[in-house]
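Residue-level structure breakdown
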Amino acid sequence: RARSASIPHPMSRCAGGVLTSASRALVSWRDHPSRRSIRGTRAANPKTNKKTYSANRGAPLGRLHVRATATPKVVDRPPPAKHQDGSGASRHANAAHTLSPQALGTLGAVGEGEGSAHQIAALTIWLRQHGVDFTDRAQFVRVRHMGVGGVSTRAFDEGDVIFSLPLAAPKHELDRFGNRVESAKSDEDDDDAANHESGLSPLVLTTSAVTAHSGPLGRLGRALSAAGLTTLKESTGARTPSRLLGGVVESDLAFPLDASKTTLLALGVLHQCCLAAGASPGDAHWKAYTDLLPREVDSPLEWSETELELLQGSRLVDRAAERISLVDAIYDEVFPRLNDADPTLWISGKLGSNVQDGTGIDVTAAARKKGERARDKYTGKEAFRWAWATVLARAFALPDVGEDGEMGLCPGLDLFNHGSEAEKCEVRGVPGASLELDEDDPHVGPRVVLRCGVGGAESGEQLFHDYADRSSGGALLEFGFTHTVRACTKPIDGRNNIVERHHDEEGLFDGLDENWALAASNDADDAGDECEECSLTEESDHHRRALHAVDISLKPMMAICEKDTVAARLEALAEAGLCGSFTWEVSNVDRKFPAGERRLHGIECVPETMIRAARVLSLTNEELDHVGGLNAGDGDKWTAREALSHEHERRTFQSLASIFRGELVRYAKLRGKCKPTTVVKDAAIADCIRLLASGDGEYVLAAPEMAWAAQREEVAGCVAANVRDEDGGKTAADQEEEGARAARWRRRALMAVEVRRGEKLLLGEVAGEFEKLAGDA
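Note that this is a predicted model, so its numbers are computed, not measured.

This part takes up the overall build of the protein chain. Across its full length, the protein chain holds 24 helices and 18 strands. Of the contacts made within the protein chain by residues no fewer than 6 positions apart, 76% connect residues no fewer than 24 positions apart. Summed over its atoms, the accessible surface of the protein chain is roughly 32500 Å², and 50% of this surface lies on carbon and sulfur atoms.

Right under this line is the structure:
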């Protein structure tokens, strides 16, 4: 899914004005574009909101680890690994937790994607060379548990520009102090002013830059055309992607996935990575950007089957599997065609041959070998999955750029982290606006601007903008993180001892009774005391902030209808305007309170259109004939906004309760080695994982009462095994790889447990309320 942007053409009807977000090129499967008009950024208020910005991986942000001065300094940088295998394969002795090979390396390891200070500096210099100088306003630094982020270097008022990125800009030389070197102006400069645009260098990696036959990715664009993967549209001169690149994928959900544009950007990223790691790194125009991209992401596209099983019955498992199959199918179709069109496409341009005439320059064997190693690393199926996941998490949709809209990767802008309480970042295209002062400059053209939102920001604060899905499941699928609550903050002794709170002495967690999913309901009247005792994490804070969503289909209701009534029911649905889909999103996200200050409860989470459709599907044959007569007459038509009778409403509520209960049963099935759990047990497992990540877990798991937790698949994989042996068969590098595997497992297991627990609570809460309403009716 792309982050949304609206950039008007130079002849826009409202130049310089705030435009509403147009339809996105790659749309969220959860959030409608109209809800995602992006509006500025807001930094955490140091007095009130500091604790609300939990780290993406579940640890508290606390005080930012930077100096509150104009030159923030990074501390707590994770130690780099001493060895990085070229293939990145994960090798360890614990066969029970064997994961799929990691093609590109370990998070934070030495090399590309480590997010080191010199890589951050390289990107900053590259941007300054193209006129994007933001160092007097913000600085990119490493933030604990959040990777690279943007921190303010001065105070901001609401509406101040934080970051401004043109789609293209001229390149300038810098002296050794980082200042621009102005060339002597001649009379020819005035004559060439009209041709200034031809000297612009692209900054945003757009889909048109990938398909173009000239420019930094011209060779890839020519290979795409030669392979029949793009075609020239003679009326406009634009090159359109073929359906072989994935097309637009429709589903039962409301919004499609533009796989073709995602694939184009993924190919552009991989091509730049190959050139940057090859014999001639200078050939890679976006080298400073691609070097900074993390080579390990937590998108489900990169999860192994064992890791996906931790989600239990969540529909995210099916969606992730479908997406993995789609990406693999595109890879099998695209890469052979590209390799046939240009066999040395993925090697530095000085080593390869031209698509048309086959000419090339021979170089040393060492240089060629280096280019081939880069090609082998970045052209595998695992690398393509990584590139796809990177584009989904970072790309912006630019609907007003080009004839059909484009997608683009915006270097620098995508480094600002997500914050649910931040204002939505307003991405504006002001025709003829300069980088700094929004004054006319016809040579710059459209650009993307990030402004400070309500409340402004103080110097030294991390700056956020709001782009991710509100629900944890949607954020995990698209961006690879969840909106987690703070980690355990209560002491693990005395009344709050984790052993006392989570022991299984009486077999509390064995079996599943009819109310198993409601065991930790947040209803204060029914289970408030039980909530207080089910987790070290403060439950009031958890339920205030943990937002979730599930996709529910009413197809089972249609399936039990008599076949000869299906046509009449579809006609009734059409009369009521309910023929869009049989699948709805049920979410406890309150759009008025995006950060979770208030969440929806029970039937509030269910879309009104879903309840209306259920009324149509629960009609008896006699009631269906009556509705047909009403709709055929000249009077008011029945639109299912109210039930025909109390009995009809009772059947509707009972049918909906059965649908939600049936969805809940999915979580009670055994998934590989991951046994079903109650939400109480999920809370205990999540606490154990957090404690293991902080270094205190082994002490807790050593207690006899917690033996059940130590045997859980989610917890056992969190501990790094000792893989070194005395005869030298395993080395320190192998041990470091095992440590990286355990860290990766902890991150993904914690996210999976939090998502499945939230979905169970949501389903059980809604099912229980429908059952209560059915009884009252």
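Overall, the predicted model of the protein chain reaches an average pLDDT of 74, with 68% of residues at or above 70. Throughout residues 6-103 the model reports pLDDT below 50, and contacts reaching past four residues in sequence, or to other chains, amount to 299 contacts. Across residues 486-545, confidence stays below pLDDT 50; counting only partners more than four residues off in sequence or on other chains, it has 136 contacts.

Applying the stated criterion to the full structure yields twelve aromatic pairs. Ring centres 5.9 Å apart and planes at 65° place the aromatic pair Phe 163 and Phe 416 in the edge-to-face group. Here Phe 416 lies in the loop between β13 (406-409) and β14 (417-418) and Phe 163 lies in strand β4 (residues 161-166), a separation of 253 residues in the sequence. Accessibility expressed as a relative area gives 0% for Phe 416, which makes it buried. Seen in terms of ring centroids, Tyr 331 and Phe 384 are 5.9 Å apart; in terms of plane orientation they differ by 45°. Their pairing is tilted. Of this pair, Tyr 331 sits in helix α8 (residues 315-341) while Phe 384 is found in helix α10 (residues 381-394), placing the two residues 53 residues apart along the sequence. Accessibility assignment for this pair places Tyr 331 and Phe 384 in one class, buried.

Its identity as a non-glycine residue notwithstanding, Gln 312 has a phi of 55°, on the positive side. With a relative accessible area of 1%, Gln 312 lands in the buried category. One non-glycine residue, Ala 640, adopts positive backbone phi at about 65°. With respect to the helices and strands, Ala 640 occurs in the loop between α18 (621-632) and α19 (646-665). Ala 640 gets classed as buried once you look at its relative accessible area, which sits at 0%.

Here the focus is the environment of Ala 226. Mapped onto the elements, Ala 226 comes out in helix α4 (residues 218-226). On a C-alpha basis, the gap between Ala 226 and Leu 338 in space is 8.1 Å, while along the polypeptide they are 112 residues apart.

For the rest of this paragraph, the subject is the sheet that holds strand β16 (residues 462-465). Spatially, β2-β3-β16-β14 is the arrangement adopted by the four strands of the open sheet, whose pairing is mixed. Where the open sheet ends on each side, the last strands, each with one partner, are β2 (138-143) and β14. Sheet topology note: the strand β3 (residues 147-152)/β16 ladder contains two bridges and is antiparallel. When the bridges of β16 are listed, Gly 150 appears paired with Leu 463.

Counting 110 residues, the largest nonpolar core has Phe 163, Leu 267, Leu 338, Phe 384 and Trp 388 as the members making the most contacts within it. A total of eleven residues in this core trace back to one element, the largest contributor, which is α8. Those residues in contact with Leu 338 that lie beyond four places of it in its chain are Ala 223, Leu 224, Ala 227, Leu 229, Leu 267, Leu 345 and Trp 346. By size, the runner-up hydrophobic cluster in this structure holds 38 residues, among which are Met 558, Val 606, Leu 656 and Leu 664.

What follows is about the pattern of salt bridges. In this structure the tally under the stated criterion is 34 salt bridges. One salt bridge in this structure joins Arg 385 and Asp 328, with 2.8 Å as the shortest N-O distance. Taken together, the positions of Arg 385 in helix α10 and Asp 328 in helix α8 put the pair 57 residues apart, joining distant regions of the chain. What makes Asp 328 buried here is its relative accessible area of 14%.

To continue, consider the pairing of β13. Of the two faces of β13, the one carrying Glu 406 and Gly 408 and the one carrying Met 407 and Leu 409 are both buried. Summarising the sheet, strand β7 (residues 205-206) and β13 pair through two bridges and their orientation is antiparallel. Note that in β13 the partner of Thr 206 across the bridge is Gly 408.

Two elements in contact, helix α17 (residues 608-617) and α19, have axes whose closest approach is 9 Å; the angle formed by their N-to-C orientations is 115°. Judged by the inter-axis angle, α17 sits roughly perpendicular to α19. Of the two elements, α17 crosses α19, and the hand of that crossing is right-handed. Two secondary-structure elements touch here, α17 through Met 610, Ile 611, Ala 614 and Arg 615 and α19 through His 648, Glu 649, Thr 652, Leu 656 and Phe 660. Grouping the constituent residues of the contact of α17 with α19 by class yields five nonpolar, two polar and two charged.

Another point: the packing of helix α16 (residues 566-575) against α18. Contact pair α16 / α18: the axes reach a minimum separation of 10 Å and the direction vectors enclose 45°. Relative to α18, the element α16 is oriented oblique. Pair α16 / α18 crosses with left-handed handedness. Taken together, the residues of α18 that come into contact with α16 (itself represented by Ala 568, Arg 569, Ala 572 and Glu 575) are Asn 621, Leu 624, Val 627 and Asn 631. In the contact of α16 with α18, the residues fall into four nonpolar, two polar and two charged.

What follows is about the pairing of strand β8 (residues 230-233). Two faces make up the sheet, and in a regular strand the side chains alternate between them. One ladder, built from four bridges, connects β8 with strand β9 (residues 238-241); its direction is antiparallel. Opposite Leu 232, over in β9, you have Arg 239 as the bridge partner. Hairpin connection from β8 to β9: four residues lie between these consecutive antiparallel strands, with Gly 237 at a positive phi of about 80°.

The subject of this paragraph is helix α1 (residues 117-129). Between the first and last C-alpha of α1 there are 18 Å, a value that for 13 residues agrees with the 18 Å anticipated at 1.5 Å per step. Among the residues making up α1, those that are buried are Gln 119, Ile 120, Leu 123, Thr 124, Trp 126, Leu 127 and Gln 129. Gly 131 sits one or two residues past α1 and shows a positive phi near 85°.

Before going further, it helps to spend a moment on α18. Its twelve residues give α18 an end-to-end C-alpha distance of 16 Å, which sits within 8% of 16 Å, the value for a rise of 1.5 Å per residue. Residues of α18 that are buried include every one of Glu 623, Leu 624, Val 627 and Asn 631, and no others. Seen from one end, α18 has its buried residues packed into an arc of 100°, which puts them on one side. Set apart from the buried face of α18 by more than 90 degrees, the exposed residues are Glu 622, Asp 625 and Ala 632. Elements in contact with the buried residues of α18: α16 and α19.

What counts as what
Here, residues in each chain are numbered from 1, in the same order as that chain's written sequence. Restriction of local features to residues with pLDDT of at least 70 applies here, the model being predicted, together with a cutoff of 80 or more for giving and counting side-chain atom pairs; totals for whole chains, interfaces and linings are based on all residues. Heavy atoms from the whole structure form the basis of all side-chain values; hydrogens and water molecules are not counted. Under the scheme used here, helices are H or I runs from DSSP no shorter than 4 residues and strands are E runs no shorter than 2 residues, and both carry numbers assigned from the N terminus. In this description, contact between two residues means that some pair of their heavy atoms is separated by no more than 4.5 Å. The protein chains shown are the only cover counted for residues, whose accessible areas, like all others here, come from Shrake-Rupley with a 1.4 Å probe. Values of pLDDT, which run from 0 to 100, indicate the predictor's confidence residue by residue. Here a pair means two rings of Phe, Tyr or Trp (six-membered ring of Trp) with centres within 6.5 Å. Their orientation is stacked below 30 degrees between planes, edge-to-face above 60, and tilted elsewhere. Each residue is assigned to one of three classes by its accessible area relative to the maximum for its type, calculated with a 1.4 Å probe on protein chains only: buried under 20%, partly exposed between the two thresholds, exposed over 50%. Here a strand pair is declared whenever DSSP counts at least two bridges between the two strands. Residue types Ala, Val, Leu, Ile, Met, Phe, Trp, Tyr and Cys, when buried and joined through side-chain atoms within 4.5 Å, form a set referred to as a nonpolar core. Think of a salt bridge as a Lys or Arg side-chain nitrogen and an Asp or Glu carboxyl oxygen that are within 4 Å of each other. Lines fitted to the C-alpha atoms define the axes, with helices restricted to the stretch that makes contact. Angles between their N-to-C directions range from 0 to 180 degrees. Roughly parallel means an angle under 35 degrees; roughly antiparallel means over 145; roughly perpendicular covers 65 to 115; every other angle is labelled oblique. Helix crossings fall into two classes, left-handed where the near helix is turned counterclockwise from the far one by less than a right angle and right-handed where it is turned clockwise. Note on residue categories: nonpolar means Ala, Val, Leu, Ile, Met, Phe, Trp, Tyr, Cys or Pro, charged means Asp, Glu, Lys or Arg, and polar means any other residue, Gly included. Each residue after the first adds 1.5 Å to the expected span of a helix. Each direction from the helix axis to a C-beta atom contributes to the arc, which is the arc of those directions.

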